[in-house]
Amino acid sequence: MHAVAAISQSALAHNLSVVRSYAPNSKIISMVKSNAYGHHLDLVKPLMQADILAVSELSEVRSLRKLTNKPILLLPGIFNDTDLQEAIQLNCHLVFHDLSQLTVIKNSKDPINLWIKVDTGMHRLGLPIDQLEQTLSQLKNNSNIHIESVMTHFACADEPTHIKNSQQFDTFSKLNIQHYSRSMANSAAIMSLDKSHFDYVRPGIMLYGASPFSNINEQLMPAMKLSAPILSLKTIKAGESVGYGATWTAKKDSRIVIIGIGYGDGYPRHAKTGTPVMINNTLCTLAGRVSMDLICVDIGDLEVSVGDIAILWGDSKLRVETVASYSDTISYELLTGVSSRVSFIRRA
Ligand SMILES: *Cc1c(COP(=O)(O)O)cnc(C)c1O
């Protein structure tokens, strides 16, 4: 008896179709970095119906190449010739975001599909605007280099009214790159800023059924259902405490179940008392601190038996976004953090 993450194939397919309905005129890059946002690459086949897939490490390209023939975009690109050779062999498209990559790219003896990343205000990866024109002119006459697209990334798209969104959009749309294809939108921009869709959209979190915004979006279907069994049921007398630090004290005699999941499985240790946990279709509440292997849940008057299965997230009534907000984090962190001890299975 232990924790299971079941990955719904129909939810993934549905969420991809939601992306298509938001951005019907754009090609789609399924962002499957970080082992498909923690869902495991080999369990997200439906996302491989997109036009391109994107990951952030060459090791992920190796795994992904065994599963699909689609082009794979390597987000940090490459920095040395060994990696370049392997990337080309694996039919990788490469992001070019820093001038230190120029020599290796320019000297390639094989054709390269290159995506030029420009920094429009996030100030993470991307060429400064004033390096863009010169870099493009250096690369475009090289017969081995095909510039597939110019891309940039939003810093604040999850806050649709943030001033930085229109600033970045204006900066990007004014660049003299109209004859290149362009890519800008992540999930939040796909859902909130149509004009940013351009030629390629780059959905991540929405493919997995979580909203990029602070509110939940019913259109998206949770792809990962995380569950674990009830190992024990007991009554705690009023005034007695439960768990490490004795942070939760029963106000009245209380029925508590102990569930076989904890931070060692990726359930967040910072989940507060009161975080919802679903048992037999009913929302109950976390009581006291999360341990490495166990959590304690106040079940009130609910009928339960040892062996019943609790859902930690991934139901339409209990979404990962809710657990994230009770844990002062975001759904992305919870989904990518489910540990290797958990059994991952495919679900229809
Ligand atoms: C991860 C990533 C995305 C997807 O972001 P979501 O918020 O998950 O949609 C898009 N573009 C780039 C460059 C990324 O690294």
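Residues numbered from 1 in each chain as written. Predicted model: local features only at pLDDT ≥ 70, side-chain atom pairs only at ≥ 80, totals over all residues. Heavy atoms only, no water.

1. Some words on the pattern of salt bridges
Per the stated rule, a full pass over the model turns up 6 salt bridges. Across the salt bridge formed by Arg-319 and Glu-218, the nearest N and O atoms sit 3.9 Å from each other. Of this pair, Arg-319 sits in the loop between strand 18 (309-313) and helix 9 (320-326) while Glu-218 sits in the loop between strand 10 (200-201) and strand 11 (224-236), placing them 101 residues apart in sequence. Among the residues examined, Arg-319 registers a relative accessible area of 4% and is labelled buried. The exposure class of Glu-218 is exposed, given its relative accessible area of 61%. (Salt bridge = Lys/Arg side-chain N within 4 Å of Asp/Glu carboxyl O. Helix = DSSP H or I, 4+ residues; strand = E, 2+ residues; numbered from the N terminus. Buried < 20%, exposed > 50% of the residue type's maximum accessible area, 1.4 Å probe, protein only.)

2. Concerning the domain arrangement of the chain
Domain boundaries assigned for the chain yield domain 1 (9-208) and domain 2 (224-347). The gap between the C-alpha centroids of domain 1 and domain 2 is 37 Å. On the domain 2 side, the residues contacting the 10 residues of domain 1 number 9 residues. Applying the counting criterion to the domain 1 and domain 2 interface returns 0 salt bridges. Inspection of the domain 1/domain 2 interface yields 2 residue pairs in polar contact (both at pLDDT 80 or more). Here the residues of the side of domain 1 that touches domain 2 are counted per class, giving 4 nonpolar, 5 polar and 1 charged. (Domains from an automatic or database assignment. Contact = heavy atoms within 4.5 Å. Polar contact = N/O pair within 3.5 Å; in protein donor to acceptor, adjacent residues only side chain to side chain. Nonpolar A, V, L, I, M, F, W, Y, C, P; charged D, E, K, R; others polar.)

3. Some details on helix 6 (residues 129-140)
The terminal C-alpha atoms of helix 6, which comprises 12 residues, lie 17 Å apart, in line with the 16 Å expected from a rise of 1.5 Å per residue. Buried residues of helix 6: Leu-132, Thr-135, Leu-136 and Leu-139, and no others. The buried residues of helix 6 occupy an angular sector of 105° when projected down its axis, which confines them to one face. Seen from the open side of helix 6, the exposed residues pointing more than 90 degrees away from its buried face are Asp-130, Glu-133 and Gln-134. Looking at the buried side of helix 6, the elements it contacts are strand 5 (92-96), helix 5 (102-106), strand 6 (112-119), strand 7 (127-128) and strand 8 (145-151). (Expected span 1.5 Å × (residues − 1). Arc of directions from axis to C-beta.)

4. Regarding the environment of Thr-275
Within the secondary structure, Thr-275 sits in the loop between strand 14 (254-259) and strand 15 (276-279). Judged by relative accessible area, Thr-275 falls into the buried class, the value being 0%. For Thr-275 and Pro-212, which are 63 residues apart along the polypeptide, the C-alpha to C-alpha distance reads 20 Å. If sequence neighbours within four positions are ignored, Thr-275 has contacts with Tyr-267, Cys-284, Thr-285, Leu-286, Val-323 and Tyr-326.

5. Comments concerning the layout of surface pockets
Approximately 840 Å³ is the volume found for the largest pocket. Lining the largest pocket are 35 residues; nearest its centre among them are His-153, Asn-186, Ile-205, Ile-330 and Tyr-332. Of all the secondary-structure elements, those providing two or more residues to the lining of the largest pocket are helix 2 (33-37), helix 8 (187-192), helix 9 and helix 10 (331-336). Among the elements that line the lining of the largest pocket, the one with the most residues is helix 9, at 4 residues. In terms of residue class, the lining of the largest pocket is built from 18 nonpolar, 11 polar and 6 charged. Looking at which domains feed residues into the lining of the largest pocket, each of domain 1 (9-208) and domain 2 (224-347) supplies at least three. (1 Å grid on protein atoms, 1.4 Å probe; cavity = no way out; pocket = protein on both sides within 12 Å on 5 of 7 lines; lining within 4 Å. Points joined across faces, edges and corners; volume = space filled by probe spheres on them.)

6. Topic: the site of the ligand
Residues in contact with the ligand, as listed here, are Met-31, Lys-33, Tyr-37, Lys-117, His-153, Asn-186, Ser-187, Arg-202, Pro-203, Gly-204, Ile-205 and Tyr-332. Within the contact set of the ligand, an oxygen atom lies 2.5 Å away from a side-chain nitrogen or oxygen of Ser-187. Arg-202 is positioned such that a nitrogen or oxygen atom in its side chain is 2.8 Å from a nitrogen atom of the ligand. Across the complex, the protein chains shield 91% of the 390 Å² of accessible surface that the ligand would expose by itself. Looking at the shell around the ligand residue by residue, the classes come out as 5 nonpolar, 4 polar and 3 charged. (Near = heavy atom within 4 Å. Areas by Shrake-Rupley, 256 points an atom, 1.4 Å probe, with all protein chains shown as cover.)

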